[in-house]
Amino acid sequence: MSLGKIWVFAEIAGGKPAPIALELLTKARSLAGTVEAVAFAPDAADAAAELGAHGATTLYAGTDPLWGELLLGGPAADALAALMHEHRPDLVLFGMTYTSRDVAGRLAAKLGVPVIANGLDVSDGDGVSVHSSVFGASLNVATRFEAAGPALAIIRPKSFVAEPSGGGPAAVTQVTSTIDDKHKSARVTDRVADVAAGPKLEEAPIVISGGRGLGDPKNFELLDQLAAVLGNAAVGASRAVVDAGWVPYAMQVGQTGKTVKPAVYLAFGISGAMQHTVGMKGAKAIVAVNRDENAPIFKLADLGVVGDALKVLPALVEELQRRRS
Amino acid sequence: MKVVVCVKQIPDPNTTGQLDPTTHLLKREGVEVVLDPGDEFGVEAGLQLVEAQGGEVTVVSMGPERGIDAVRKALAMGAAKGILISDDALRGSDALTTARVLAAAIRREGFDLVITSTESTDGYTGVVPQMIAELLDVPAVTFAKTVEVDGTTLKVKRQTEAGYDLVEAALPAVVSVTAGVNEPRYPSLKGIMGAKSKPLDRLTSEDLGLEGAGGATAGQSITGVEAAPQRAAGSIVKDDGEGYKRIADFLAEKKVI
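Here the structure is a predicted model, which means the values were calculated and not measured.

Enquirer: Any chance you could explain the overall build of chain A here in plain terms?
Expert: Along chain A, the regular secondary structure elements total 9 helices and 18 strands. A compact globule built from 325 residues should have a C-alpha radius of gyration of about 20 Å, and chain A, at 21 Å, falls within 12% of that. Taken along the three principal axes of its C-alpha coordinates, chain A extends 60 × 45 × 40 Å. Buried positions account for 61% of the 325 residues belonging to chain A. Per element, the accessible surface of chain A, about 11700 Å² overall, is 51% carbon and sulfur. Seen as two clouds, the 29 positive and the 33 negative side-chain charges of chain A have centres 4 Å apart.

Here's what the structure looks like:
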């Protein structure tokens, strides 16, 4: 199988494509001659310029107002299956996001083809392969598509850097397939943004994460204070404390959470279980503070401080305030 | 209400997994196994729903024979019935095959609501819940932070990149729950003893009419496994009371302050 045509499934919010769609388009350009995007949102056509500027020549856009109200997974998988039957892409790329996973999973089951998830790269050499990393990023694994028919891959955010292609707006082709009534019972009745102050976890140049070693949920305040004094930092967490209900799932960094690649990652009271490290080992620099000198996090750290995070944190906040003034 | 919770037995997530160098399957021999911690939230969510509204929780699992321990743990927590699909032919199954097997067992059992975790902690493909929903032809409400059932309507706060969506769907449906959605109970001694006498179905793929479904869907193969490059060793210091200064200096050196 070689790649003639790649599609990128783009999530749209407020007429803008999700950043991962632009990352995937950038990669797709290097692999195939024809790169196109598919999106389902009432304002999907508004994204044609930005998607086009990153390499999509055509945008298949479902713009029925219902796309803004329904859970996307079921109806989008139906519509994609119909479009793919007509236009025959060789590979469809999805971002490893909540909604794209829904669409990709349902689509794979509908088409009876495998979907390879957690990709960090895609290559086309001796067949099309998805590259991922397992066991806390200790092993790199290549998985090759063997089936005839379309290949589906789900790629983790931040795997590629989005770069404009210099292309003009994508030509918009309206998706005309109707949404089956059976999908209309699963509706979004409200959208709530619980925006934390400061930059988003995935975009912040500095990420400060806490784990069990902080001892108590209220000690996450110390991380918030550090983030406040740094100004351009976001606060994350290990799975252990999310499982324990200290902080919401949205803050989880790791295999089952978010992937971050900040300039500096600071881990306080995090042992460095492989579950966590896969989500942060791409940071340019890593600082770890942990009482246990044998904690695996120290194998990744550029600077490791063996000590009590609860003592280091307040002193660090004061020091930074002093240096600032 | 009939709730079916999917569970999986996995290698202890606190140990580093290994792949067999020839088969590229996960090495399971000599490895401690546990009920996936993510699944405990699903079992707890199911139990809370039936305790409030009546009904029963059935747990279903696919895996090796010793996976029975994971099913028993869920029974000890309070599930009424267990189903284990175990079959040598299913070894090495990929996400789609797993979903086909689980969906067939769930359909056979009957359900109002299927609960799963968002992904397994070992394989973490994260698409099995959606595949099950597609195969059962019902909605999949995924990444639930809260789960309520009001009559025949499922109401969920669904995690999003920006916050959460309030989502409603008509039952029957599949819901996947995030970690931290509740506080999973510990099995009581009474629960553990009682689990031994609860009904437990052991099925094969043949029982489900899925002969020949085993293994990975022949559409993918692992072609390469190699050790990831290691990061260069850093500087590790004991906190002598001035560790914070080292960190501040490091941040200055990286030009982020």
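From this point, the narrative continues.
Enquirer: Help me out: how do you make sense of the overall build of chain B in this one?
Expert: A count of helical and extended segments in chain B gives 6 helices and 13 strands. Across the 257 residues in chain B, those meeting the buried criterion constitute 52%. Sequence separation of 24 or more characterises 71% of the internal contacts of chain B that already satisfy a separation of 6 or more. Computed over 27 positive and 37 negative side-chain charges, the separation of the two mean positions in chain B equals 3 Å.

Enquirer: Looking at this model, I keep getting lost on the domain arrangement of chain A. Mind explaining?
Expert: Accessible area lost when the parts come together is the quantity often used to give the size of an interface. Residues and elements named next belong to chain A. Taken domain by domain, chain A comprises domain 1 (5-185) and domain 2 (206-324). Each of domain 1 and domain 2 has a C-alpha centre, and the two are 33 Å apart. Counting residues at the interface gives 9 residues for domain 1, matched by 11 residues for domain 2. Here domain 1 meets domain 2 over a buried area of about 820 Å², counting both sides, of which 49% is carbon and sulfur. The tally of links from domain 1 across to domain 2 stands at 0 salt bridges. The residue makeup of the side of domain 1 that touches domain 2, split by class, is 4 nonpolar, 3 polar and 2 charged.

Enquirer: Would you mind going over the sheet that holds strand β13 (residues 235-238) of chain B with me for this structure?
Expert: The strands making up a sheet associate through backbone hydrogen bonding, with each pair oriented either parallel or antiparallel. In space, the 6 strands of this open sheet follow the order β15(A)-β14(A)-β16(A)-β17(A)-β18(A)-β13(B), with parallel pairing throughout. Both outer strands of the open sheet, β15 (233-237) of chain A together with β13 of chain B, are each paired with one neighbouring strand and no more. Across this sheet, the average inter-strand angle for adjacent strands is 15 degrees, counted without regard to direction. Summarising the sheet, strand β18 (residues 303-306) of chain A and β13(B) pair through 4 bridges and their orientation is parallel. Considered in β13(B), the bridge of V305(A) is made with V237(B). Sheet strands in contact with helix α5 (residues 220-230) of chain A are β14 (206-210), β15 and β16 (264-268) of chain A, and its direction is about 160 degrees off that of β15(A). Running over the sheet, helix α9 (residues 309-324) of chain A touches β16 and β17 (285-290) of chain A and is turned about 135 degrees from β16(A).

Enquirer: What should I look at first to understand the pattern of salt bridges in this one?
Expert: If the charged atoms of two oppositely charged side chains come close together, the side chains can form a pair. Counted by the stated rule, this structure contains 31 salt bridges over all chains. Between E69(A) and R187(A) there is a salt bridge, with its nearest N and O atoms 2.6 Å apart. In this pair, E69(A) is assigned in the loop between β5 (58-62) and α3 (73-87) and R187(A) in strand β13 (residues 187-193), connecting sequence segments 118 residues apart. Given the relative accessible area of 33%, E69(A) is considered partly exposed. K81(B) serves as the salt-bridge partner of E109(B), at 2.9 Å between the closest nitrogen and oxygen.

Enquirer: Would you take a moment to explain the pairing of β14(A) for this structure?
Expert: Remember that side chains alternate between the two faces of the sheet whenever the strand is regular. All names here are of chain A. Counting buried residues along β14, 5 of its 5 residues qualify, which places the element largely inside the surrounding structure. Going residue by residue along β14, you find I206, I208 and G210 tucked away on one face and V207 and S209 tucked away on the opposite face as well. Sheet topology places β14 next to β15; 5 bridges connect them, and they run parallel. In the sheet register, I208 faces β15, and the bridge partner there is V235. Between β14 and its parallel partner β15, the chain crosses via α5, and the hand of that crossover is right-handed. Direction of pairing for β14 relative to β16: parallel, over a ladder of 5 bridges. Bridge pairing in β16 links G210 to F268.

Enquirer: In this structure, what is going on with the interface of chain B and chain A? I would like to understand it.
Expert: The interface of chain B with chain A comprises 83 residues on the first partner and 89 residues on the second. Surface buried jointly by chain B and chain A totals about 7300 Å² across both partners, of which 58% is contributed by carbon and sulfur atoms. With its nearest N and O atoms 3.0 Å apart, the salt bridge here joins D102(A) to R158(B). Our count for the chain B to chain A interface comes out at 40 residue pairs in polar contact (both at pLDDT 80 or more). Take the side of chain B that touches chain A: its biggest share by element is 10 residues, from helix α6 (residues 243-253) of chain B. In the side of chain B that touches chain A, the residues fall into 39 nonpolar, 25 polar and 19 charged.

Enquirer: What exactly am I supposed to notice about the nonpolar core here?
Expert: Most often, soluble globular proteins keep nonpolar side chains buried together rather than apart. Counting residues in hydrophobic clusters, the biggest one holds 84 residues, and the most contacted among them are I208(A), F220(A), L226(A), F268(A), V59(B), L154(B) and I247(B). If we ignore the near neighbours within four places in the chain, the residues touching I208(A) are L223(A), L226(A), A227(A), L230(A), A233(A), A234(A), V235(A), G236(A), L266(A) and F268(A).

Here is what the cut-offs are and how they apply
- Residues numbered from 1 in each chain as written.
- Chains lettered and ligands numbered in written order.
- Predicted model: local features only at pLDDT ≥ 70, side-chain atom pairs only at ≥ 80, totals over all residues.
- Heavy atoms only, no water.
- Helix = DSSP H or I, 4+ residues; strand = E, 2+ residues; numbered from the N terminus.
- Rg over C-alpha atoms; globule rule 2.2 N^0.38 Å.
- Buried < 20%, exposed > 50% of the residue type's maximum accessible area, 1.4 Å probe, protein only.
- Areas by Shrake-Rupley, 256 points an atom, 1.4 Å probe, with all protein chains shown as cover.
- Lys, Arg positive; Asp, Glu negative; His and termini not counted.
- Charge placed at Lys NZ, Arg CZ, Asp CG, Glu CD.
- Contact = heavy atoms within 4.5 Å.
- Domains from an automatic or database assignment.
- Buried area = accessible area lost by both parts, 1.4 Å probe.
- Salt bridge = Lys/Arg side-chain N within 4 Å of Asp/Glu carboxyl O.
- Nonpolar A, V, L, I, M, F, W, Y, C, P; charged D, E, K, R; others polar.
- Pairing = 2+ DSSP bridges.
- Axes fitted to C-alpha atoms, helices over the stretch in contact; angles between N-to-C directions.
- Right-handed = clockwise from strand over helix to strand, strands pointing away.
- Polar contact = N/O pair within 3.5 Å; in protein donor to acceptor, adjacent residues only side chain to side chain.
- Core = buried A, V, L, I, M, F, W, Y, C linked by side-chain atoms within 4.5 Å.

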